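# Architecture and fold: a report
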Amino acid sequence: MKLLSIALAGLLALAASAYAADAPSLEAQAREIMQKVHDRDDGKTAVMEQEMILIDKKGGQRVRRIKSYGKDFGKDSYSIMFFLEPADVRDTSFLTYDYDQEDKDDDQWLYLPALKKVKRIASKDKDGSFMGSDFTYGDMTKRELSKFTYKILQEDTVNGQKCWVIEATPINDDVVDEYGYTKSIVWVRQDNFVVIRAKFWEKSGGKVKYMDMPKLELIKGIWTPMEITMTTKKGNNTEHATVLKTLSVTYDVDLPDSDFSTTRMEKGH
């Protein structure tokens, strides 16, 4: 159950001394690292209370409260989110089926209580903004590794932690259209394979998005993001930002399979 998929940036030197090998070896190593990021343990089930803060270019804030549930179904991961506050988004819900099979598109649905309608998110719309935030619908699922090529750019240190800096490039224009990014770079912690910083280049509008994870905690043996920021910039100007905070999390909760259905979306949290 992952809520986000990510990347990062900059013109960086080609490979640290630990990876002073030929390009194919660097690419193979990068792919192996990203596989470990993909396979990292994030719990069989989880219940989270979260806060989403939307920040406009003038610093104005809107705060939303969310309750999220996640469960592994074999190798697949299902998650459902319910918006609790404020009133204009109350009872809105979002359901994702994140499939392990790479040639199978993930399924996503959004329930809008004002319309009393469940809307399926088409693949062509996954580059759109999720609930007015700086995250896209595509960011709310794990990336399909086969749709990108990877390359280690260098090693770096972020907040005292050694990281690999890895560039991810879509294999074709269809992937660019699906995710909305022409390129991304990620900083992967070497001790736990968590992406803690990223940079995305949007396919249009000349905008770049920056992800940071200032708070990460080890809970029941699972590395848990407690705060994630995503900032959209055009040039040096900040267009918008989103802060996603995890207020509480409980793992290994008994959750019935029926909680992860379009019918459940309409019933509220």
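Please read these numbers as outputs of a predicted model, since none were measured by experiment.

Each value, and the rule that gives it
- Residues numbered from 1 in each chain as written.
- Predicted model: local features only at pLDDT ≥ 70, side-chain atom pairs only at ≥ 80, totals over all residues.
- Heavy atoms only, no water.
- Helix = DSSP H or I, 4+ residues; strand = E, 2+ residues; numbered from the N terminus.
- Polar contact = N/O pair within 3.5 Å; in protein donor to acceptor, adjacent residues only side chain to side chain.
- Contact = heavy atoms within 4.5 Å.
- Salt bridge = Lys/Arg side-chain N within 4 Å of Asp/Glu carboxyl O.
- Buried < 20%, exposed > 50% of the residue type's maximum accessible area, 1.4 Å probe, protein only.
- 1 Å grid on protein atoms, 1.4 Å probe; cavity = no way out; pocket = protein on both sides within 12 Å on 5 of 7 lines; lining within 4 Å.
- Points joined across faces, edges and corners; volume = space filled by probe spheres on them.
- Nonpolar A, V, L, I, M, F, W, Y, C, P; charged D, E, K, R; others polar.
- Pairing = 2+ DSSP bridges.
- pLDDT = per-residue confidence, 0-100.
- Phe/Tyr/Trp six-rings, centres within 6.5 Å; stacked < 30°, edge-to-face > 60°.

Structurally, S261 can be placed in the loop between β13 (237–251) and α3 (262–265). At 3.1 Å, the side chain of S261 forms a polar contact with the backbone oxygen of S258. Not counting residues within four places of it along the chain, the set of residues in contact with S261 comprises I80, L95 and Y97.

Next up on the list: the pattern of salt bridges. Tallying each qualifying case throughout the model produces 18 salt bridges. Between K147 and D105 there is a salt bridge; the shortest N-O distance is 3.9 Å. You can see K147 sitting in the loop between β6 (117–120) and β7 (148–158) and its partner D105 sitting in the loop between β4 (93–98) and β5 (107–112), a full 42 residues away along the chain. For K147, a relative accessible area of 14% translates into the label buried. Note that E227 and K215 form a salt bridge whose closest N and O atoms lie 3.8 Å from each other. Here K215 lies in strand β11 (residues 207–219) and E227 lies in strand β12 (residues 222–234), a separation of 12 residues in the sequence. According to the relative accessible area criterion, E227 is buried, its value standing at 14%. What you see here is one network of salt bridges that share partners, running through D105, E144, K147 and E178.

Unoccupied space between atoms shows up once a probe the size of one water molecule is rolled over them. One pass over the full model with this rule turns up three cavities of 30 Å³ or more. Volume-wise, the second largest cavity comes out at about 50 Å³. Here the residues of the lining of the second largest cavity sort into one nonpolar, two polar and seven charged.

What follows is about the pairing of strand β10 (residues 195–202). Of all the eight residues making up β10, six are buried; the element is thus mostly covered by neighbouring parts of the structure. Linking strand β9 (residues 181–189) to β10, which pair antiparallel, is a turn of five residues; within it F193 sits at a positive phi near 60°. If you look at the hairpin formed by β10 and β11, you'll find four residues sitting between the two strands, and G205 has a positive phi there, around 85°.

Of the residues in the chain, 91% have a pLDDT of 70 or more, and the chain-wide mean is 89. The weakest mean pLDDT in the chain belongs to helix α1 (residues 23–39) at 87; the strongest belongs to strand β1 (residues 45–56) at 98. Scored below 50 in pLDDT, residues 1–22 shows 86 contacts in the model against residues more than four places distant or in partner chains.

Relative to the helices and strands, F148 is located in strand β7. Since its relative accessible area comes to 7%, F148 is described here as buried. Considered as a pair, F148 and K183 are 35 residues apart in the sequence and their alpha carbons are 9.4 Å apart. When residues no more than four places from it in sequence are discounted, the contact partners of F148 are R143, A168, T169, P170, I171, V175 and Y179.

Quick look at the packing of aromatic side chains now. One pass over the full model with this rule turns up 14 aromatic pairs. With a centroid separation of 3.8 Å and an interplanar angle of 10°, the aromatic rings of Y78 and Y97 are classed as stacked. With Y78 in strand β3 (residues 76–85) and Y97 in strand β4, this residue pair connects regions lying 19 residues apart in the sequence. With a centroid separation of 6.4 Å and 75° between ring planes, the pair formed by Y97 and Y99 is classed as edge-to-face.

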